[in-house]
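Results of the structural survey
If you want the building blocks of each chain, they are given just below.
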Amino acid sequence: MKVTATVDRLRRAGVEVIDFGAGEPDFPTPTSIKAAAHDALDQDFTKYTPPAGIAELKRAVADRYRADCGVDYTDAEVIITAGGKQALYNSALTLFGPGDEVITHAPYWPTLTEQIKLADAMPVLVRTQPEDGFAIHARAILDAVTPRTRGIIVNSPCNPTGALIAESELAAIGEAAARQGIWIVVDLCYEKLIYDQVPHNLPGVLARTCRDRTILCGSASKAYSMTGWRCGWAIGPANAIAAAGALQSHSTSNVTSITQKAVVQALTGSQAPVREMLDEYRSRRDKLHAWLSADPRLRCRKPAGAFYMFVDVSDVLSLDGLRTSVDFADALLESARVALTPGEAFDAPGFIRISYATSIDNLREGSARLLEFVRAHAPREAAAS
Ligand SMILES: Cc1ncc(COP(=O)(O)O)c(C=O)c1O
């Protein structure tokens, strides 16, 4: 968001910038979804709704997961929230407290750890490694469990790495969590943005292994290009969802009424727009990867999900040049007018995150500028190798 604000400032000052910072789809919200919001307005559906969301939307959420993942949840096990962010926040505040440790994997989306701290609990980080595509290993997560462990948060597809957790790894985590009474919170906000046919039925795995201690957090933001509408959901055992409902009832109350109607349409209508956007992201990902591969100092793999290329630029850094990936990002913006997010934002110094939620033309031009920038700034010995 900081990168986006800088881009806005520069653009207002008349500077042309290529923005690889965006954490949101560049597509318009699909027409049928917008039409449902218009209808809701026309029908004066503009009053308070139940704080935890309208029954029609809770059902639409539960039906979507039944159809896609084969899991069964009742209305009392679903809450509608202001984005996936509030679903995660409700979970952190209701499940975690002082003295609790909550394990998650790094690099990570920073909100996850900040929310743990807002609950006065302590984040415990398990590093994933670029060599194996930032895979999340159950062994590493479970080795971090102590008597104080209260929760494990898994984000798959992961922002910023694009990595997916393997079903078998999650099953091992789920079985251990069920035995030890540990909560599992899964951030599924990018669940519809997976490029290849890989098994990724995380709700199904957790329903089998750890249903009583699992909260699934999802969102309409990325799948349906609805980031500004603010709608997500949490699904879990009725007592945990009731606690989240009490918190929400006394804080923000219901998600905007017309947004809720729009999301009913998103979830129950044709899913073709989701597939079309995914196809477009895939072709951008493949092109971007091919362009960046022209310089071996930009080390990256094709992400399995989400819409970010996470690139190791440590070969371009040096003590007497660009020292950090923050320096890299600042200098790139200053001299080449390309904005992107340095890895420090995700606890991954030495990396940059390129969002390909932007047009092919922008990706082509931005990659060319990036390659030129690297040629000009790489330390001499690395450039020679
Ligand atoms: C990993 C991850 N989880 C959750 C969210 C929350 O998105 P929203 O609140 O718009 O649903 C984001 C947004 O960028 C994200 O990157």
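Look a little higher up for the structure.
Residues numbered from 1 in each chain as written. Predicted model: local features only at pLDDT ≥ 70, side-chain atom pairs only at ≥ 80, totals over all residues. Heavy atoms only, no water.

1. Some details on helix α13 (residues 360-377)
To keep it simple, the criterion reads: Under the scheme used here, helices are H or I runs from DSSP no shorter than 4 residues and strands are E runs no shorter than 2 residues, and both carry numbers assigned from the N terminus. Expected span of a helix, by definition, is 1.5 Å for each gap between consecutive residues, and there is one gap fewer than residues. For each residue, the accessible area found with a 1.4 Å probe, counting protein chains only, is set against the maximum for its type, and the residue is called buried under 20%, exposed over 50%, and partly exposed in between. We call two residues contacting when some pair of their heavy atoms lies within 4.5 Å.
Helix length check: α13 (18 residues) gives 25 Å between terminal C-alpha atoms against 26 Å at 1.5 Å per residue, within 8%. Within α13, the full set of buried residues consists of I360, L363, G366, S367, R369, L370, L371, F373 and V374. In this fold, the buried residues of α13 make contact with β1 (18-19), α11 (272-292), α12 (325-336), β10 (338-339) and β12 (351-355).

2. Some remarks on the sheet that holds strand β7 (residues 214-219)
Applied cut-off: The criterion for strand pairing is that DSSP finds at least two bridges linking the strands in question. Under this scheme, a helix contributes an axis fitted over its contacting stretch, all axes are lines through C-alpha atoms, and angles between N-to-C directions fall in the 0 to 180 degree range.
Pairing within the open sheet is mixed, and its seven strands lie in the order β2-β8-β7-β6-β5-β3-β4. On the outer flanks of this sheet lie β2 (78-81) and β4 (122-127), each paired with one strand and no other. Looking at each pair of strands side by side, their axes are set apart by 20° on average, direction ignored. As paired strands, β2 and strand β8 (residues 232-235) are joined by four bridges and run antiparallel to one another.

3. A word on the environment of N201
The criterion, for reference: For the purposes of these results, a polar contact is taken to be a pair of N or O atoms within 3.5 Å, where, inside protein, one atom must be able to donate a hydrogen and its partner to accept one; residues adjacent in sequence count only when each atom of the pair is a side-chain atom.
Tracing the sequence through the fold places N201 in the loop between β6 (183-187) and α8 (202-210). Excluding anything up to four places from it in sequence, N201 contacts C69 and E167. Here G204 takes part through its backbone nitrogen, which lies 2.7 Å from a polar atom of the side chain of N201.

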